[in-house]
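Examination of the molecular architecture
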Amino acid sequence: MVKKVQPVTHQPLITSKNISSEQLLNDLHYQQSKQIIQNLLNKGLISPTEFKDIDALNKQSFPPLLGPGNVDTSGL
């Protein structure tokens, strides 16, 4: 039995909003910094309050593409 493969249609990942290289780098740096502090939190090296404080500072330094108001860290 031979399976037919459906063609994949390309959908652009970025809509009409132009994203600059600086915005992409800021988002990358924010995601990397969040991963680091998440690891510190998971290892018990920082408290949830410290995590939130550091994350807020990181959002100011490296504004993520979603925007600081769109990332909810209140559940930590």
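Please refer to the structure higher up on the page.
Residues numbered from 1 in each chain as written. Predicted model: local features only at pLDDT ≥ 70, side-chain atom pairs only at ≥ 80, totals over all residues. Heavy atoms only, no water.

Some remarks on the pattern of salt bridges
Under the counting rule described, the total for this entry stands at one salt bridge. Lys 59 serves as the salt-bridge partner of Asp 55, at 3.5 Å between the closest nitrogen and oxygen. Of this pair, Asp 55 and Lys 59 both sit in helix 2 (residues 48-61), four residues apart, roughly one helical turn. Each member of the pair, Asp 55 as well as Lys 59, carries the same accessibility label: buried. (Salt bridge = Lys/Arg side-chain N within 4 Å of Asp/Glu carboxyl O. Helix = DSSP H or I, 4+ residues; strand = E, 2+ residues; numbered from the N terminus. Buried < 20%, exposed > 50% of the residue type's maximum accessible area, 1.4 Å probe, protein only.)

Things to note about helix 1 (residues 21-42)
End to end, helix 1 covers 31 Å across 22 residues, agreeing with the expected 32 Å (1.5 Å per residue, within 8%). When we look at burial in helix 1, the residues that qualify are Asn 26, Asp 27, Tyr 30, Ser 33, Lys 34, Ile 37 and Leu 41. In a view along the axis of helix 1, the buried residues occupy a sector of 135°, so they form one face of it. In helix 1, the exposed positions that point more than 90 degrees away from the buried face belong to Ser 21, Gln 35, Ile 36 and Asn 42. Check the buried side of helix 1 and you find it contacts helix 2. Gly 44 sits one or two residues past helix 1 and shows a positive phi near 80°. (Expected span 1.5 Å × (residues − 1). Arc of directions from axis to C-beta. Contact = heavy atoms within 4.5 Å.)

Some details on helix 2
Over its 14 residues, helix 2 runs 20 Å from end to end, which matches the ideal 20 Å to within 8%, given 1.5 Å per residue. Listing the buried residues of helix 2 in full gives Phe 51, Asp 55, Asn 58 and Lys 59. Seen along its axis, helix 2 keeps its buried residues to an arc of 100°; they face one direction. Of the exposed residues in helix 2, those oriented more than 90 degrees away from the buried face are Thr 49, Leu 57 and Gln 60. Residues of helix 2 that are buried make contact with helix 1.

Concerning the side chain of Ser 33
Tracing the sequence through the fold places Ser 33 in helix 1. Look at Ser 33 and you get buried, because its relative accessible area is 13%. A polar contact is formed between the side chain of Ser 33 and the side chain of Asn 58, at a distance of 3.3 Å. In contact with Ser 33, other than residues within four places in its own chain, are Asn 58 and Phe 62. (Polar contact = N/O pair within 3.5 Å; in protein donor to acceptor, adjacent residues only side chain to side chain.)

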